[in-house]
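Spelled out, the chains give:
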Amino acid sequence: MNTMVVLISGRGSNLRALVEAGLPVAAVISNRADAAGLAYAAGRGIATAVVPHRDYATREEFDAALGQAIDAFRPGLVALAGFMRILTAGFVQRYHGRMLNIHPSLLPAFAGLDTHARALAAGVKLHGCSVHFVTAELDHGPIVMQAAVPVLASDDATALAARVLAQEHRIYPQAARWYLEQKLVIERGVVRVKGDPPQQSYAP
Ligand code: GAR
């Protein structure tokens, strides 16, 4: 199986889910030295690297350094897991068709930040998470898998986020595994899985 590099900025719970699913994580790279996920990775004997965005004058220079750090591990897949940086078009192009992201909403609804509070404010009755290929438009690439959860009358953003996060930890390893097994086919911007297993789930 081909390997993957995971990019994180913080807690790293999705990273943990990927590792614990037995996926071949060759390295974890963060733009922040204090990202908790780095310590987790090091404790599991996984290579880590930090490319601090503040060390670079422009996004282009940062993305070039990040790309070098990634390519040192020759991964087949780059997985963004709570990597909170806007990527340049050049970087997205460099990993075109081999970079996935997990986003805490049912895309194309609620791209961007504060998705749980925005879902509550909009009054949606279903919320969830999406794994998608990364394209130049933020949070808008071809969707690999989604999970939906109910929005309860008692929810605040924290409770809703926790319910969604549990589903993130289920669908990201599944989507990454499909990618590494070369089961994902993109046709006219729509992702199909060879063998056609379900690409959506609902957690009541
Ligand atoms: C996750 O909820 C992920 O979906 C979100 O950040 C969190 C990272 O948590 N990503 C984004 O909002 C990207 N736009 P984690 O570090 O525990 O995996």
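Heads up: the structure comes first, above all this text.
Residues numbered from 1 in each chain as written. Predicted model: local features only at pLDDT ≥ 70, side-chain atom pairs only at ≥ 80, totals over all residues. Heavy atoms only, no water.

Engineer: How would you explain the nonpolar core if you had to name every residue and give the values?
Structural biologist: The biggest cluster of nonpolar side chains holds 42 residues, and the ones touching the most others in it are Met4, Val6, Leu15 and Val144. With 9 residues, helix H6 (residues 157-180) is the largest single contributor of residues to this core. Among residues more than four places away in sequence, those in contact with Val144 are Leu100, Val131, His132, Phe133, Ala175, Trp178, Leu184, Val191 and Gln199. Membership of the second largest hydrophobic core comes to 20 residues, among which are Ile70, Leu80, Phe91 and Met99. (Core = buried A, V, L, I, M, F, W, Y, C linked by side-chain atoms within 4.5 Å. Buried < 20%, exposed > 50% of the residue type's maximum accessible area, 1.4 Å probe, protein only. Helix = DSSP H or I, 4+ residues; strand = E, 2+ residues; numbered from the N terminus. Contact = heavy atoms within 4.5 Å.)

Engineer: A description of the side chain of Thr88 should follow, citing residues and the corresponding values.
Structural biologist: Relative to the assigned elements, Thr88 resides in the loop between strand E4 (77-80) and helix H4 (89-94). Contacts of Thr88, omitting those with residues within four sequence positions, involve Arg59, Glu60 and Asp63.

Engineer: Which residues make up H6, and what values do they have?
Structural biologist: Taking 1.5 Å of rise per residue, the 24 residues of H6 would be expected to cover 34 Å, and the 33 Å separating its terminal C-alpha atoms lies within 8% of that figure. Gln182 sits one or two residues past H6 and shows a positive phi near 60°. (Expected span 1.5 Å × (residues − 1).)

Engineer: Please set out the site of the ligand residue by residue, giving values where relevant.
Structural biologist: Taken together, Arg11, Gly12, Ser13, Asn14, Gly82, Met84, Ile102, His103, Pro104, Leu165 and Glu168 make up the full set of residues near the ligand. In the model, an oxygen atom of the ligand is placed 2.5 Å from a nitrogen or oxygen of the Ser13 side chain. At 2.9 Å from an oxygen atom of the ligand is found a main-chain nitrogen or oxygen belonging to Asn14. Across the complex, the protein chains shield 87% of the 440 Å² of accessible surface that the ligand would expose by itself. (Near = heavy atom within 4 Å. Polar contact = N/O pair within 3.5 Å; in protein donor to acceptor, adjacent residues only side chain to side chain. Areas by Shrake-Rupley, 256 points an atom, 1.4 Å probe, with all protein chains shown as cover.)

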